[in-house]
Structures are given as C-alpha cells and as structure tokens.
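Structural overview
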Amino acid sequence: MGPEHLGDRLARLRRLAGLTQEGLAERSGVSVDVVRKLEQKRKHSARLPTLHALARGLGVELTSLLGDPPGVPSTGDADPPALVAVRRAIMPPLFATPPGPSGAEKLSLPLLRAEIADGWTLYHAAEFGRLMEVLPGIVEDARLAAAVGGPDDRAAGQAALGKALQLAGHLAVRLGKSDLALASLERAMTAAGRSSDPLLAPMLANSVAWAYQRQNRLDDAAHVAVHAADAVEREHPGTAEGLRVWGGLLMSGATSAARAGDYATADEMMTAAERAADRLATLPPVADGRMVSVFSRSSVRIERVRLAVQHARPEEALTLARGIRIGREIPPSWRTWLLLDLARAHADVGDAAGAVRALEALRRVAPAWMRHHTFAVSIVGDLWTGPARPPGLRRLAEFLGVAD
C-alpha cells in the first residue's frame, strides 16, 4: 500500500475541522481551486507557503498535513519502545534519583564529545532508527558528566548535555513530535545557561526557531532567530565559530520570512549571509564542525535554491544551483534536500527528464529518506500524471508506490 496522498490528508483534516472547501479557502487565503485540485488528486503537491497557509486554516501543525517525516511511518499504535526510551532520556521519571558518581563510570569529555558528534553524523545521514537506539545512552552519559566533578568539569558537562539534548530535539522534530522537541530544547537551554560554551544558547535558538517553523509559528521563529543573531553579532564578532552560528541564524530568519510570503526580506537576509560566508572562508576552520551550526558558501547557496523553489522561481533555482561546490562540511541531509529541490525546479519548468535524473540521484544516495518523504512522493506523482514519462520514471513510481 502506497503512502497516503496529500489530498486525502487535506480532505480528512478539513472534515475534522468542520470546514467546507470554500470555508478552508477563506480561512487559509488559498484559492478554492487549489483546495479542490489537491483533494481530487489533480494536483499532487503545493509549495511550502501554501501548505503553511492550509495548516493554519485547518488549525493543525504542518507535520499533520505533510504526513510522517522521513523514515518514520505511523501505525496509530502507542509509541514504540525506542521512542519511549528517547522520551525517558529527555524527561527522566519524576522523583528519580539524580545521577551521581556512585557505581557509574564517567566518560572523559573528549570521548563524550566524540559520542555526541557521532550522534549528529547519524542524524544528518537520516539514520533515525539507529540514532534512537544510541541517543538515550548519549544523554545519560552527558547528564552524568554535568553532575560530577569540580565546577569547570560540571560546566563542560553541561555544555555536552546541551548538545545532546539539542540532538534529541532535532530527532523529535524529524519524528513529528514537535512538542517533545521543544521540551528537549528547553532543557538544553537550561544546560546552556550553566555551561562553559557561550555559543550554545544561540545555536539552540536556531533549533527552537526550526521547531516553531514546523508548528507554523513563523513570527515566533523569525523573532527567536533574529534576536539571537543580533546577540551573536554583538558578543562574538570575528571568530569562525561565531560567524557560523550567526550565519545559521540569519538563514533561519530568512526561511521564516520566505514561508510567511516575504521573499524580499528573505532575499536581503540571504545576501547578508552570502557576504558572511565569504568572510568565513578567510578564517581558521572550526576544530569539530559537527558540533557547530552548518554554515558555509555551499550551505548558503543550497538554502537559496530551496527558497527559490518554494516561491515559484524554478529558473532562478536552477541558475543558483549551477556551479555549487559541495564542501566536505556539508552533511548528507543537505545534499539530499538539494537534489529534491532540483527535481522540483526541473519539474516546474517542464523538464521531466531533468527531474527524473535528480530523483534517480536522490534514490542512489538516500533511498530510505526518499521513500518516506512527502515532497519526493508528490513530485513523482506529478510527473507520473503528466504528459511525458521519461526513462526511469516508472522505476521511481514503482519504488514510491505511485505507479498505476
């Protein structure tokens, strides 16, 4: 059985909200024609600003409209044991004995940081199942490090705990559990306030902004990102770490502006981010980039491609994509998003063959991610019902369960 169609989810959520198609169109500001075409499966996808507007009109989170995130099919049953263990790691049982030195072996800080960095590598590779298995142990190790030793040891342990809980928050977003994500990030912020890392709090602000975006709280997301970016610019000028965190926050603010329909402001912010990325190239590299915000010339260009695709500027997106050099600092997850955006741009300009080439590349590098990603399924669905079926499309349609 193939994935649930976007139109089926839209119709089901609309009926649950007690709305007619006309009523949803009025509440969301989306034309009734778009609503009808989606529900009748004459249109298989919509742009993110449109989806945000529909979600607001329905009174649901964006994830409810999009379906399950990559690799996390829902059965409607209770949370599986691996997710229960993640919940317990984020929110330990009430009245539990706090961690202490008795009977427990504390990891050295370098080993703990390496453990957390390896967790981020799993996350960016979309190995969410494996990450769910190891994450509770990572958080437990970090909690112990934050609770024992002298003041300097505990401050360094709190920094590690903040990064571990940030990772847990990102995983929770990917699992469609944004409230759990915000609970984890709130605890991470507490750890940051007790830590020895002055850039941890603004990095966490970027994560909070992303969680808000997933909840359609675009104004809140923009405010959090811009406020934190201003603080970083004021307090940490001239360092590679500070510039990477500032640039990541600026891109987050641009994304919120774009999804709210303000492409001009988003473009201004991305232009500033490009200038910052040029400055970054002249500074000494960060010691372990996996522990600092993703930001470089490559990531800025990839994000510009994404925003252009989302705002019906496919020619601009394809132009921006030409000559992108994917640096070693770019995680696999960003590469997969770029291929998906290129597929959408090619489809939007009527180049079905180009879209299939991008989708075939995506299948080679991230088959599990692709199989469960709503946009990938939607693009292939649009191509499958289109006037041309270039070589390779049938294999993709069968792989994603959208073939006749």
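Our subject is the structure that appears above.
Described below are features of the structure shown in this document. (Residues numbered from 1 in each chain as written. Predicted model: local features only at pLDDT ≥ 70, side-chain atom pairs only at ≥ 80, totals over all residues. Heavy atoms only, no water.)

1. A word on the overall build of the protein
The line we're drawing: By the criteria applied, helices consist of DSSP H or I runs no shorter than four residues and strands consist of E runs no shorter than two, each listed in order from the N terminus. A 1.4 Å probe rolled over the protein chains alone gives each residue an accessible area, and that area as a share of the maximum for its type sets the label: buried under 20%, exposed over 50%, partly exposed in between. Areas reported as accessible are Shrake-Rupley estimates using a 1.4 Å probe. Residue values count occlusion only from the protein chains shown.
In terms of helices and strands, the protein carries 21 helices and 0 strands. Counting all 404 residues of the protein, 54% fall into the buried class. As displayed, the protein has an accessible area near 18,400 Å², and 52% of this comes from carbon and sulfur atoms.

2. Quick word on unusual backbone geometry
Unlike most non-glycine residues, Asn216 shows phi in positive territory, near 70 degrees. Mapped onto the secondary structure, Asn216 falls in the loop between helix H11 (200-214) and helix H12 (218-235). Judged by relative accessible area, Asn216 falls into the buried class, the value being 10%.

3. Concerning the environment of Asn206
Worth spelling out the cut-off: Two residues form a contact once any of their heavy atoms are found within 4.5 Å.
Relative to the elements of secondary structure, Asn206 occurs in helix H11. Residues contacting Asn206, with those up to four places away along its chain left out, are Gly248, Leu249 and Ser252.

4. Focus: the nonpolar core
Threshold: Residues grouped as a nonpolar core are buried Ala, Val, Leu, Ile, Met, Phe, Trp, Tyr and Cys residues, joined through side-chain atoms within 4.5 Å.
Counting 130 residues, the largest nonpolar core has Leu65, Leu135 and Leu359 as its most contacted members. Non-local contacts of Leu359, meaning those with residues more than four positions away in its chain, are made with Ala343, Met370, Ile379, Val380, Leu383 and Leu396.

5. Quick word on empty space enclosed by the protein
Selection criterion: The pocket and cavity definitions rest on a 1 Å grid over protein atoms only: a 1.4 Å probe that fits but cannot leave marks a cavity, an open set with protein on both sides within 12 Å along at least five of seven lines marks a pocket, and residues lining either have an atom within 4 Å of a point. Grid points are joined across faces, edges and corners, and a volume is the space filled by probe spheres set on the points. Amino acid classes used here: Ala, Val, Leu, Ile, Met, Phe, Trp, Tyr, Cys and Pro are nonpolar; Asp, Glu, Lys and Arg are charged; the rest, including Gly, are polar.
For the coordinates displayed, the defined rule picks out 2 cavities of 30 Å³ or more. Its volume calculated, the largest cavity comes out at about 50 Å³. Of the volumes computed, that of the second largest cavity is approximately 30 Å³. Around the second largest cavity sit Tyr263, Ala266, Asp267, Met270, Arg304 and Leu307, which together line it. Where the lining of the second largest cavity is concerned, the elements lending two or more residues are helix H14 (263-280) and helix H15 (297-310). The element contributing the most residues to the lining of the second largest cavity is H14, with 4 residues. Across the lining of the second largest cavity, the residue classes break down as 4 nonpolar, no polar and 2 charged.

6. Quick look at the pattern of salt bridges
Here is the rule we go by: In what follows, salt bridge is the name for a side-chain nitrogen of Lys or Arg lying within 4 Å of a carboxyl oxygen of Asp or Glu.
One pass over the structure, following the stated rule, counts 17 salt bridges. The salt bridge partner of Glu274 is Arg304, with a shortest N-O separation of 3.1 Å. Here the residue Glu274 occupies a position in helix H14, and Arg304 occupies one in helix H15, the gap between them amounting to 30 residues. For Asp341, the salt bridge identified is with Arg306, shortest N-O distance 3.7 Å.

7. Some points on the side chain of Glu39
This is how the line gets drawn: Counted as a polar contact is a pair of N or O atoms within 3.5 Å, where, for protein atoms, one must be capable of donating a hydrogen and the other of accepting one, and residues adjacent in sequence contribute only when both atoms are in side chains.
The topology assignment puts Glu39 in helix H3 (residues 32-39). Within the structure, the side chain of Glu39 is placed 2.8 Å from the side chain of Gln21, a separation counted as a polar contact. When sequence neighbours within four positions are dropped, the list of residues in contact with Glu39 reads Gly7, Leu10, Ala11, Arg14 and Gln21.

8. What to know about the packing of aromatic side chains
Formally: A pair of Phe, Tyr and Trp rings is counted when the ring centres sit within 6.5 Å of each other, with Trp represented by its six-membered ring. The angle between the planes then sorts it: under 30 degrees is stacked, over 60 is edge-to-face, the rest tilted. Charge-over-ring contacts are defined here by two conditions on Lys NZ or Arg CZ: a distance within 6 Å of the ring centre and an angle within 35 degrees of the ring normal.
Evaluation of the coordinates by the stated rule reveals 2 aromatic pairs. Relative to Tyr123, the ring of Trp120 has its centre 5.7 Å away and its plane inclined at 80 degrees; by these criteria the two rings are edge-to-face. Taken together, the positions of Trp120 and Tyr123, both in helix H7 (residues 109-124) and 3 residues apart, correspond to about one turn of that helix. Taking 5.9 Å as the distance between ring centres and 55 degrees as the angle between the ring planes, the aromatic pair formed by Tyr123 and Phe128 counts as tilted. Among the aromatic residues, ring-to-ring pairing joins Trp120, Tyr123 and Phe128 into one connected group. A cation over a ring is seen here: Arg306 above Trp334, with NZ or CZ 5.8 Å from the ring centre. A cation over a ring is seen here: Arg363 above Phe399, with NZ or CZ 4.0 Å from the ring centre.

9. Observations concerning helix H21 (residues 393-400)
Each turn of an α-helix holds 3.6 residues, which means side chains three or four residues apart point in the same direction. Rules: Along the arc lie the directions from the helix axis toward the C-beta atoms.
When H21 is considered as a whole, its buried residues turn out to be Leu393, Leu396, Ala397, Phe399 and Leu400. Angular distribution of buried residues about the axis of H21 spans 160 degrees; they occupy a single face of the element. Next to the buried residues of H21 lie helix H18 (352-365), helix H19 (367-371) and helix H20 (374-384). Just downstream of H21, Gly401 is the residue with a positive phi angle, here 75 degrees.

10. Side note on the packing of H11 against H12
Packed helices, taken two at a time, are described by the angle between their axes plus the distance between the axes. The line we're drawing: Here the axes come from fitting lines to C-alpha atoms, over the contacting stretch only for helices, and the angles between their N-to-C directions go from 0 to 180 degrees. By the definition adopted for this analysis, an angle is roughly parallel if under 35 degrees, roughly antiparallel if over 145, roughly perpendicular if from 65 to 115, and oblique otherwise. Handedness of a crossing follows from how the near helix is turned relative to the far one, being left-handed for an anticlockwise turn of less than a right angle and right-handed for a clockwise one.
Between H11 and H12, the shortest axis-to-axis distance is 8 Å and the interhelical angle comes to 165 degrees. Looking at the two axes, H11 sits roughly antiparallel to H12. For H11 against H12, the interelement crossing comes out left-handed. For the pair H11 and H12, contact is made by Pro202, Ala205, Val208, Ala209, Tyr212 and Gln213 and by Leu218, Asp220, Ala221, Val224, Ala225, Ala228 and Val232, respectively. Tallied by class, the residues present in the contact of H11 with H12 amount to 11 nonpolar, 1 polar and 1 charged.

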